[in-house]
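Descriptive structure summary
Residue-level listing of the chains:
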Amino acid sequence: NAGVTQTPKFQVLKTGQSMTLQCAQDMNHEYMSWYRQDPGMGLRLIHYSVGAGITDQGEVPNGYNVSRSTTEDFPLRLLSAAPSQTSVYFCASRQREGRTEAFFGQGTRLTVV
Amino acid sequence: LAKTTQPISMDSYEGQEVNITCSHNNIATNDYITWYQQFPSQGPRFIIQGYKTKVTNEVASLFIPADRKSSTLSLPRVSLSDTAVYYCLVVNNAGNMLTFGGGTRLMVKP
């Protein structure tokens, strides 16, 4: 059971480039979300999804797009990377029903130069 | 969502019991308390959750007083490998997103 898988683990982008961070889960979880974590800080919610075809904005959504075409996948797109988006990105998933724990991926460390 | 307040950092020594207290004065009736642990370069990992009184699992205990305005995570006999950041979260029963604060950075020394 792989859990939550994020790719790539590391990425360096030039300012203005675009890229997609991939997140996949094999637990049939309905809820998925993306967070960013800056050095020495807690996690901040970027976007989340409560099921296929449904997404919503979190605390810091600007500069990021998401889509949820399947239950398993929840990619995060950076349309035009900026140095302020240098961070570690975490994807998480959890079941919808009840007081269930969230499972996190190992993170993607992104540097924008 | 109720805001949480916890110490920024704590130091301890191997073998000691560590108690990390979290304040959540505005907790609502349907909210429950959850704690996560994060090691460097890893995603957070669920430790324990509870609604009231005491909850214990193989990793930790969680104490929640009757007014539920605070909670205490207790780690028995910590080891060096318990050095991590610990996050206290208040989650609504129907909540679909988790709101993380700054966490408590625990340093366990030999």
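Up top is the structure these notes are about.
Owing to the predicted nature of the structure, the values given are computational and were not obtained by experimental measurement.

Our next topic: the layout of surface pockets. Taken as a whole, the largest pocket holds about 590 Å³ of empty space. What lines the largest pocket is a set of 30 residues, among which Gln37(A), Val88(A), Arg109(A), Pro40(B) and Ser41(B) lie closest to the centre. Mapped by element, the contributors of at least two residues to the lining of the largest pocket are strand 9 (87-94) and strand 11 (108-112) of chain A together with strand 8 (84-92) and strand 9 (104-109) of chain B. Broken down by element, the lining of the largest pocket gets its largest block of residues, four residues, from strand 11 of chain A. Looking at side-chain class alone, the lining of the largest pocket contains 13 nonpolar, 13 polar and four charged residues.

Opposite the 21 residues of chain A that make contact, chain B presents 21 residues. For the pair chain A and chain B, the summed buried surface comes to about 1800 Å²; carbon and sulfur atoms form 50% of the total. Where chain A packs against chain B, one counts zero salt bridges. Counting across the interface, chain A meets chain B through four residue pairs in polar contact (both at pLDDT 80 or more). Among the secondary structure elements, those contributing two or more residues to the side of chain A that touches chain B are strand 4 (31-37), strand 5 (43-51) and strand 9 of chain A. Here the side of chain A that touches chain B takes four residues from strand 5 of chain A, the largest share from any one element. Considered class by class, the residues forming the side of chain A that touches chain B number 10 nonpolar, seven polar and four charged.

The next subject is the pairing of strand 7 (residues 70-75) of chain B. Residues and elements named next belong to chain B. Most of strand 7 is tucked away: five of the six residues are buried. As defined by bridge partners, strand 2 (residues 18-23) adjoins strand 7 across six bridges and the pair is classed as antiparallel. Bridged to Val18 within strand 7 is Leu75. Bridging between strand 6 (residues 61-64) and strand 7 involves three bridges; their strand directions are antiparallel. Residue pairing for strand 7: Leu62 is matched across the bridge by Leu73. Where strand 6 folds back on strand 7, the antiparallel hairpin that results is connected by five residues, among which Arg68 adopts a positive phi of roughly 60°.

What counts and how
Residues numbered from 1 in each chain as written. Chains lettered and ligands numbered in written order. Predicted model: local features only at pLDDT ≥ 70, side-chain atom pairs only at ≥ 80, totals over all residues. Heavy atoms only, no water. 1 Å grid on protein atoms, 1.4 Å probe; cavity = no way out; pocket = protein on both sides within 12 Å on 5 of 7 lines; lining within 4 Å. Points joined across faces, edges and corners; volume = space filled by probe spheres on them. Helix = DSSP H or I, 4+ residues; strand = E, 2+ residues; numbered from the N terminus. Nonpolar A, V, L, I, M, F, W, Y, C, P; charged D, E, K, R; others polar. Contact = heavy atoms within 4.5 Å. Buried area = accessible area lost by both parts, 1.4 Å probe. Salt bridge = Lys/Arg side-chain N within 4 Å of Asp/Glu carboxyl O. Polar contact = N/O pair within 3.5 Å; in protein donor to acceptor, adjacent residues only side chain to side chain. Buried < 20%, exposed > 50% of the residue type's maximum accessible area, 1.4 Å probe, protein only. Pairing = 2+ DSSP bridges.

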